[in-house]
Amino acid sequence: MSKNLLMLAAAALLLPACEKAGRTDSVEATQAETAADESAIRAINQRWLELIRNKDSAAIAQLYAEDAAVMPANEKAAQGRQAIGDWWNRSMQMPGYDLTFSTDQLLLSKSSDMALDRGTYRFAATPPSGAISDTGKYVVVWRKVGGEWKVAADIFNSDLPAAGG
């Protein structure tokens with residue numbers, strides 16, 4: 001009986017160490033997954049910038065989830081891939097179209113299926129009505145769909161004062 005008691009006491013002493021070791025492995029695995037997801041989103045953003053330079057609205061639309069929305073200032077939202085592709089196509093037809101953006105903060109959910117990308121953009125164009133130059137901020141909500149990161153919501157607005165204000 002004392003042998004069983006001794007084994008039980010030893011198990012009780014080792015249990016916290018085993019649990020801690022398991023949590024460490026779990027935390028390290030979660031950190032590795034988070035780093036991989038963050039890297040994947042940053043890579044998609046680089047591809048997005050390349051697609052903008054190439055004015056490839058069809059490929060840009062594929063970066064979005066089927067039910068995604070783009071919500072530009074002073075316009076109705078474009079909902080769904082087809083409408084989003086059409087919106088990007090119309091936008092990029094503007095003469096001298098130039099858009100860049102940069103992530104300031106990228107936050108991933110604990111479940112690793114959603115992310116928030118907050119940053120800034122710079123836009124310029126030269127339509128017949130006169131040159132446009134703008135800087136502003138954006139928020140993109142990412143959602144993992146079938147193991148791939150897709151844009152679920154994309155909203156942005158200018159840092160410039162409102163017209164007449």
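In the block above lies the structure referred to throughout.
Residues numbered from 1 in each chain as written. Predicted model: local features only at pLDDT ≥ 70, side-chain atom pairs only at ≥ 80, totals over all residues. Heavy atoms only, no water.

**Some details on the overall build of the protein**
Along the protein, the regular secondary structure elements total three helices and six strands. The linear arrangement of helices and strands in the protein, starting from the amino end, is α-α-β-β-α-β-β-β-β. Residues classed as buried in the protein amount to 32% of the 165 residues present. Excluding contacts between residues fewer than 6 apart, the proportion of contacts in the protein whose partners are at least 24 apart in sequence is 51%. With an accessible surface of roughly 10300 Å², the protein has 58% of that area assigned to carbon and sulfur atoms. (Helix = DSSP H or I, 4+ residues; strand = E, 2+ residues; numbered from the N terminus. Buried < 20%, exposed > 50% of the residue type's maximum accessible area, 1.4 Å probe, protein only. Contact = heavy atoms within 4.5 Å. Areas by Shrake-Rupley, 256 points an atom, 1.4 Å probe, with all protein chains shown as cover.)

**Some points on the pairing of strand β5 (residues 132-145)**
Taken together, the 12 bridges between strand β4 (residues 114-125) and β5 define a ladder with antiparallel strand orientation. Considered in β5, the bridge of Gly 119 is made with Tyr 138. Here β4 hands over to β5 after six residues, with Gly 130 in that stretch at a positive phi of 130°. Bridge count between β5 and strand β6 (residues 148-158): 10 bridges; the pairing is antiparallel. When the bridges of β6 are listed, Arg 143 appears paired with Lys 150. Turn length for the β5-β6 hairpin, with the two strands adjacent in sequence and antiparallel, is two residues, and the turn residue Gly 146 shows positive phi of about 60°. (Pairing = 2+ DSSP bridges.)

**Here we look at the packing of aromatic side chains**
Throughout the structure, instances matching the rule amount to nine aromatic pairs. When the ring of Tyr 97 is compared with that of Phe 123, the centres are 5.4 Å apart and the planes differ by 65°; the resulting orientation is edge-to-face. On the criterion of sequence distance, the pair formed by Tyr 97 in the loop between α3 (81-92) and β3 (98-108) and Phe 123 in strand β4 is long-range, its members being 26 residues apart. (Phe/Tyr/Trp six-rings, centres within 6.5 Å; stacked < 30°, edge-to-face > 60°.)

**Brief notes about the pattern of salt bridges**
Summed over all chains, the structure comprises eight salt bridges. One salt bridge connects Asp 37 with Lys 144, and the closest N-O pair in it is separated by 3.0 Å. Of this pair, Asp 37 sits in helix α1 (residues 2-53) while Lys 144 sits in strand β5, and the two are 107 residues apart along the sequence. The class for Lys 144 is partly exposed, based on a relative accessible area of 29%. (Salt bridge = Lys/Arg side-chain N within 4 Å of Asp/Glu carboxyl O.)

**Structural notes on the sheet that holds strand β2 (residues 78-79)**
In space, the six strands of this open sheet follow the order β2-β1-β6-β5-β4-β3, with mixed pairing throughout. Of all the strands in the sheet, just β2 and β3 have a single pairing partner and so form its edges. α3 rests against β1 (64-71), β2, β3 and β6 of the sheet, and its axis sits at about 45° to β1. (Axes fitted to C-alpha atoms, helices over the stretch in contact; angles between N-to-C directions.)

**Notes on the nonpolar core**
Counting residues in hydrophobic clusters, the biggest one holds 32 residues, and the most contacted among them are Trp 48, Ile 52, Ile 60, Tyr 64, Trp 88 and Trp 142. Secondary-structure elements contributing two or more residues to this core are α1, α2 (57-61), β1, α3, β3, β4, β5 and β6. The greatest single-element share of this core, amounting to six residues, is contributed by α1. (Core = buried A, V, L, I, M, F, W, Y, C linked by side-chain atoms within 4.5 Å.)

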